[in-house]
Number of protein chains: 2
Amino acid sequence: MDKQLKRMATMQRIQTTGLEIFYQKGYHNTSIDDILKELSLSKGAFYYHFQSKEEYFISIVQNLLFRKVYSSLIEPIEGEEDPLNKIAACFDNALETAEHNFLDYGFVLSNFITEFNGKNPDIMNYLQDILKVWEVNLVTALQKGKTDGYVNRHIDSEAVATYLISSYIGIRTLMVEGNGKMLRYKYIQQLRNYFKLIEHKESV
Amino acid sequence: MDKQLKRMATMQRIQTTGLEIFYQKGYHNTSIDDILKELSLSKGAFYYHFQSKEEYFISIVQNLLFRKVYSSLIEPIEGEEDPLNKIAACFDNALETAEHNFLDYGFVLSNFITEFNGKNPDIMNYLQDILKVWEVNLVTALQKGKTDGYVNRHIDSEAVATYLISSYIGIRTLMVEGNGKMLRYKYIQQLRNYFKLIEHKESV
DNA sequence: CTATAAACAGACCTATAAGTCTGTTATCCT
DNA sequence: AGGATAACAGACTTATAGGTCTGTTTATAG
């Protein structure tokens, strides 16, 4: 195989498997050997490609984790239609995926935020950056919804975005207990309920 | 000092300090020595009172953690008045405490749930038990609110309780980033907004 | 007052995990 | 083809942390 390709392929493999295991067991509770065992690779290979466990993790956050959050929670809410419907559908879809996990480990991003808070400000910043992108996109979608006549002009878009993110983080944390189907149903029901206040009213 | 009292006092001290540090640094990232250093105690003292780190942590969860959650989130919502107002005031009060932490570490209970999920089913059960008590009490308060004419009879109390817990867990996770004051304001604003749909309507 | 057991001190053992280093295999360039 | 270097293997080093064990102090009972 071409050297450049081989290099990239190996790095990708190490990163992808790393994210999976970090997600399942947490960063501190996962050893480099755990990951290498899964890949049948050696310490030599790992430290040839990455300087340290931390630098390695940051590369995962900036690449794989960001893309994962973006494709599942941010990209789906872009578009011309009613943003409230798109958000509800997007959340429902994300929860459906979680529901079908045999053993669910929660929302990757918030898990890491919980784990690194107060311990590693550097990594925290990278994680908060992803949150920020999500929030900005939600606010943008809501504002556009106002001009397009889907969303009530009097609501505070930033507050709604914060409330949405909060509830999503929370329900994903709750879903780890196992009763995913029921929790998802209840959550989406109340989310749509909440949206009744947010959507545009014909009559003042 | 009396032996029994001394024993209890020492155990209490070890547990109290343990919860503080576990909360700040997480269970796996906290060593027994970290806690003992803070207390100027020795390994001998610790293992005289507790069998293992795990058994020790479980005793903290069942005693201190449960009481902490109960007194801050469950007890305040009991009473005869409008449950929605009590819940909002209770949440606001809890967030105010969090807001004034110099460095906030999130919601203790959900932090531990995130940390132990998929790793220690035993501890997970004890944590889930506390969540369950909270949920049951919220549902009870809402149901009582229906009979007392404060809460809309057509709402699904269990779904509302789930949604409330979700949003609270989420906002506490978000607040670790530091901008607590603003987040608290936004959250409570939207919570009260949400309650408009839940409260009893005079007109059908 | 003293024997006895509780309460505690701290050196020690052991396992784990991050990171290093030297040696080996695979790939590329000329 | 063959030297050079990238890519990887795996033994080794070092630090940390859970837990043990033996010895010492302190309090209570008789």
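Residues numbered from 1 in each chain as written. Chains lettered and ligands numbered in written order. Predicted model: local features only at pLDDT ≥ 70, side-chain atom pairs only at ≥ 80, totals over all residues. Heavy atoms only, no water.

Trainee: I tried to follow the overall build of chain A on my own but got confused; where do I start?
Mentor: Looking only at helices and strands, chain A has nine helices and zero strands in total. Reading the helices (α) and strands (β) of chain A from amino to carboxyl end gives α-α-α-α-α-α-α-α-α. Based on the C-alpha atoms only, the size of chain A along its principal axes is roughly 70 × 35 × 35 Å. The buried share among the 204 residues of chain A stands at 53%. Looking at chain A alone, contacts between residues at least 24 apart form 70% of all its contacts between residues at least 6 apart. Summed over its atoms, the accessible surface of chain A is roughly 9,900 Å², and 50% of this surface lies on carbon and sulfur atoms. The average position of the 23 basic charges and that of the 26 acidic charges among the side chains of chain A differ by 4 Å. (Helix = DSSP H or I, 4+ residues; strand = E, 2+ residues; numbered from the N terminus. Buried < 20%, exposed > 50% of the residue type's maximum accessible area, 1.4 Å probe, protein only. Contact = heavy atoms within 4.5 Å. Areas by Shrake-Rupley, 256 points an atom, 1.4 Å probe, with all protein chains shown as cover. Lys, Arg positive; Asp, Glu negative; His and termini not counted. Charge placed at Lys NZ, Arg CZ, Asp CG, Glu CD.)

Trainee: Where do I start with the domain arrangement of chain A in this structure?
Mentor: Quoted interface sizes are often the accessible area lost when the parts come together. Residue and element names in this part refer to chain A. Domain parsing of chain A yields domain 1 (1–50) and domain 2 (62–198). In this structure, domain 1 and domain 2 have C-alpha centres spaced 29 Å apart. Contacts between the two partners involve 10 residues from domain 1, matched on the other side by 14 residues from domain 2. Of the roughly 1,000 Å² buried at the junction of domain 1 and domain 2 (both faces included), carbon and sulfur atoms supply 68%. Our count for the domain 1 to domain 2 interface comes out at zero salt bridges. Linking domain 1 with domain 2 are five residue pairs in polar contact (both at pLDDT 80 or more), by the criterion used here. Across the side of domain 1 that touches domain 2, the residue classes tally to four nonpolar, six polar and no charged. (Domains from an automatic or database assignment. Buried area = accessible area lost by both parts, 1.4 Å probe. Salt bridge = Lys/Arg side-chain N within 4 Å of Asp/Glu carboxyl O. Polar contact = N/O pair within 3.5 Å; in protein donor to acceptor, adjacent residues only side chain to side chain. Nonpolar A, V, L, I, M, F, W, Y, C, P; charged D, E, K, R; others polar.)

Trainee: Honestly, empty space enclosed by the protein in this entry has me stumped. Any pointers?
Mentor: In this approach, a probe sized like a water molecule rolls over the atoms, and the result shows the empty space that is left. Under the counting rule described, the total for this entry stands at three cavities of 30 Å³ or more. Computed from the structure, the largest cavity encloses a volume of approximately 370 Å³. Lining the largest cavity are 33 residues, with Asn111, Thr114 and Glu115 of chain A together with Asn111 and Glu115 of chain B sitting closest to its centre. Residue assignment for the lining of the largest cavity shows that the elements contributing at least two residues are α1 (3–25) and α6 (108–116) of chain A together with α1 (3–25) and α6 (108–116) of chain B. (1 Å grid on protein atoms, 1.4 Å probe; cavity = no way out; pocket = protein on both sides within 12 Å on 5 of 7 lines; lining within 4 Å. Points joined across faces, edges and corners; volume = space filled by probe spheres on them.)

Trainee: For this particular structure, what's the right way to read the interface of chain A and chain B?
Mentor: Taken together, the contacts link 46 residues of chain A with 46 residues of chain B. Summed over both partners, the interface of chain A with chain B buries about 3,700 Å², with 64% contributed by carbon and sulfur atoms. Counting every contact that joins chain A to chain B gives two salt bridges. Residues lysine 186 of chain A and glutamate 158 of chain B are paired through a salt bridge, measuring 3.3 Å at the closest nitrogen-oxygen approach. At the boundary of chain A with chain B, the tally comes to 10 residue pairs in polar contact (both at pLDDT 80 or more). Listed by contribution, the elements that provide at least two residues to the side of chain A that touches chain B are α1, α6, α7 (121–147), α8 (157–174) and α9 (180–198) of chain A. Residue contributions to the side of chain A that touches chain B peak at 13 residues, all from α8 of chain A.

Trainee: In this structure, what is going on with the packing of aromatic side chains? I would like to understand it.
Mentor: For any two aromatic rings, the description comes down to two numbers: the centre-to-centre distance and the angle of the planes. Applying the stated criterion to the full structure yields 44 aromatic pairs over all chains. Seen from their ring centres, phenylalanine 46 of chain A and tyrosine 56 of chain A are 4.8 Å apart, and the 85 degrees between their planes marks the pair as edge-to-face. In this pair, phenylalanine 46 of chain A is assigned in helix α3 (residues 43–49) and tyrosine 56 of chain A in helix α4 (residues 53–74), connecting sequence segments 10 residues apart. Aromatic ring contacts, followed pair by pair, group Phe22, Tyr27, Phe46, Tyr47, Phe50, Tyr56, Phe57, Phe112 and Phe116 of chain A into a single cluster. The cationic tip of lysine 53 of chain A hangs over the ring face of tyrosine 27 of chain A; the distance from NZ or CZ to the ring centre is 4.3 Å. Sitting over the face of the ring of tyrosine 23 of chain B, lysine 68 of chain B holds its NZ or CZ atom 5.8 Å from the ring centroid. (Phe/Tyr/Trp six-rings, centres within 6.5 Å; stacked < 30°, edge-to-face > 60°. Lys NZ or Arg CZ within 6 Å of the ring centre and 35° of its normal.)

Trainee: Got a minute to help me understand the protein's contact with DNA strand C in this structure?
Mentor: As a structural note, the neighbourhood of DNA strand C is formed by 22 residues, with Asp2 and Ile32 of chain A together with Ser42, Tyr48 and His49 of chain B the closest of them. Each atom of DNA strand C within 4 Å of the protein belongs either to a base or to sugar and phosphate, the latter forming 67%. One of the backbone N or O atoms of serine 42 of chain B is found 2.9 Å from a phosphate oxygen in DNA strand C. Every element with two or more residues in the surface near DNA strand C is listed here: α3 of chain A together with α1 and α3 (43–49) of chain B. Of the residues forming the surface near DNA strand C, the biggest block, five residues, is contributed by α3 of chain B. Looking at side-chain class alone, the surface near DNA strand C contains six nonpolar, eight polar and eight charged residues. (Near = heavy atom within 4 Å.)

Trainee: Sorry, what's going on with the protein's contact with DNA strand D here?
Mentor: As a matter of local geometry, DNA strand D sits amid 22 residues, with Ser42, Tyr48 and His49 of chain A together with Asp2 and Lys53 of chain B nearest to it. Taking tyrosine 48 of chain A, its side chain carries an N or O atom lying 2.5 Å from a phosphate oxygen of DNA strand D. Separating a phosphate oxygen of DNA strand D from a backbone N or O atom of threonine 30 of chain B is a distance of 3.4 Å. The dominant element in the surface near DNA strand D, judged by the number of residues it contributes, is α3 of chain A, at five residues. A per-class count over the surface near DNA strand D returns six nonpolar, eight polar and eight charged.

Trainee: In this structure, what is going on with the relation of the copies chain A and chain B? I would like to understand it.
Mentor: There are two copies of the chain, and a rotation about an axis plus a shift along that axis relates them. The transform that puts chain A on chain B rotates by 180 degrees and translates by 0.0 Å along the axis, for an RMSD of 0.0 Å. Overall, the copies show the geometry of a two-fold rotation axis. (Least-squares fit on C-alpha atoms with pLDDT ≥ 70 in both.)

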